[in-house]
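Chain by chain, the residues run as shown.
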Amino acid sequence: IVFLFFYNKNLKVNLVNDSDELYDVAINYLKDKEYTEIEVCGLVSNICVLSNVVMVKAALPNANIIVDKKLTDSFDEILNEYTFEILKGLHINIK
């Protein structure tokens, strides 16, 4: 399960979904929105979180995307840390 939090100037929407649904969400829902900030957390960082962040970034390239490190984890600590480094390289903010 991956949790996505979308923010605009006056509205906060909490969307909970699984990876199978995110492609449709990114393509059909997010691309037409003007969200300024999206926060992502969940399990597994090096599989679900990474793939979901890439899809969200593709749909909203100008949004500030944040991954909360304290609310994201993996079964493999080394892959978990590599994932955060990859995300930084994609201009994703890690908090």
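Throughout what follows, the structure given in this document is the object of discussion.

1. Quick word on a nonpolar patch on the surface
Thinking step 1. Taken together, the side chains of Val54, Ile78, Leu79, Tyr82, Ile86 and Leu90 present a nonpolar region at the surface, about 550 Å² in accessible area.
Thinking step 2. Among the elements that take part in the nonpolar patch, helix 3 (residues 77–89) stands out by supplying 4 residues, more than any other.
Thinking step 3. Tracing the sequence through the fold places Tyr82 in helix 3.
Thinking step 4. For Tyr82, a relative accessible area of 53% translates into the label exposed.

2. Considering the nonpolar core
Thinking step 1. Of all hydrophobic cores here, the largest spans 16 residues; its most connected members are Ile38, Val40, Val53, Val67 and Leu87.
Thinking step 2. Secondary-structure elements contributing two or more residues to this core are strand 3 (37–43), helix 2 (45–59), strand 4 (64–73) and helix 3.
Thinking step 3. Those residues in contact with Val67 that sit more than four places away from it in its chain are Val40, Val49, Val53, Thr72, Phe84, Leu87, Ile92, Asn93, Ile94 and Lys95.

3. Notes on the pattern of salt bridges
Thinking step 1. All chains considered together, the criterion is met by 3 salt bridges.
Thinking step 2. For Lys95, the salt bridge identified is with Glu39, shortest N-O distance 3.2 Å. Taken together, the residues Lys95 in the segment after strand 5 (93–94) and Glu39 in strand 3 connect sequence positions 56 residues apart.
Thinking step 3. Between Lys88 and Glu85 there is a salt bridge, with its nearest N and O atoms 3.2 Å apart. Here the residue Lys88 and the residue Glu85 both occupy positions in helix 3, the gap between them amounting to 3 residues, near one helical turn.

4. A closer look at the packing of helix 2 against helix 3
Thinking step 1. Packing of helix 2 against helix 3 leaves a shortest axis separation of 10 Å and a crossing angle of 15°. The angle between helix 2 and helix 3 falls in the class roughly parallel. As for the relative orientation of helix 2 and helix 3, their crossing is right-handed in sense. On helix 3, the residues touching Ser45, Asn46, Leu50 and Val53 of helix 2 are Leu79, Asn80, Thr83, Ile86 and Leu87.
Thinking step 2. Residue composition of the contact of helix 2 with helix 3, grouped by class: 5 nonpolar, 4 polar and no charged.

5. Let's talk about helix 3
Thinking step 1. Taking 1.5 Å per residue, 13 residues should reach 18 Å; helix 3 reaches 19 Å between its end C-alpha atoms and fits that length.
Thinking step 2. Three or more residues of helix 3 are buried, namely Asn80, Thr83, Phe84 and Leu87. Buried residues of helix 3, viewed axially, fall in a sector of 100°; they line one side. Facing away from the buried side of helix 3, by more than 90 degrees, are the exposed residues Ile78, Tyr82 and Gly89.
Thinking step 3. Looking at the buried side of helix 3, the elements it contacts are helix 2, strand 4 and strand 5.
Thinking step 4. Measuring from the side-chain oxygen of the N-cap residue of helix 3 to the backbone nitrogen of Ile78 gives 3.0 Å; that N-cap residue is Asp76.
Thinking step 5. Downstream of helix 3 by a residue or two, His91 has a phi angle that is positive, lying close to 65°.

Each value, and the rule that gives it
- Residues numbered from 1 in each chain as written.
- Predicted model: local features only at pLDDT ≥ 70, side-chain atom pairs only at ≥ 80, totals over all residues.
- Heavy atoms only, no water.
- Patch = residues over 30% accessible without salt bridge, like charges linked within 9 Å, V, L, I, M, F, W, Y side chains within 5 Å.
- Areas by Shrake-Rupley, 256 points an atom, 1.4 Å probe, with all protein chains shown as cover.
- Salt bridge = Lys/Arg side-chain N within 4 Å of Asp/Glu carboxyl O.
- Helix = DSSP H or I, 4+ residues; strand = E, 2+ residues; numbered from the N terminus.
- Buried < 20%, exposed > 50% of the residue type's maximum accessible area, 1.4 Å probe, protein only.
- Core = buried A, V, L, I, M, F, W, Y, C linked by side-chain atoms within 4.5 Å.
- Contact = heavy atoms within 4.5 Å.
- Axes fitted to C-alpha atoms, helices over the stretch in contact; angles between N-to-C directions.
- Parallel < 35°, antiparallel > 145°, perpendicular 65-115°, else oblique.
- Left-handed = near helix turned anticlockwise from the far one by under 90°.
- Nonpolar A, V, L, I, M, F, W, Y, C, P; charged D, E, K, R; others polar.
- Expected span 1.5 Å × (residues − 1).
- Arc of directions from axis to C-beta.
- Polar contact = N/O pair within 3.5 Å; in protein donor to acceptor, adjacent residues only side chain to side chain.

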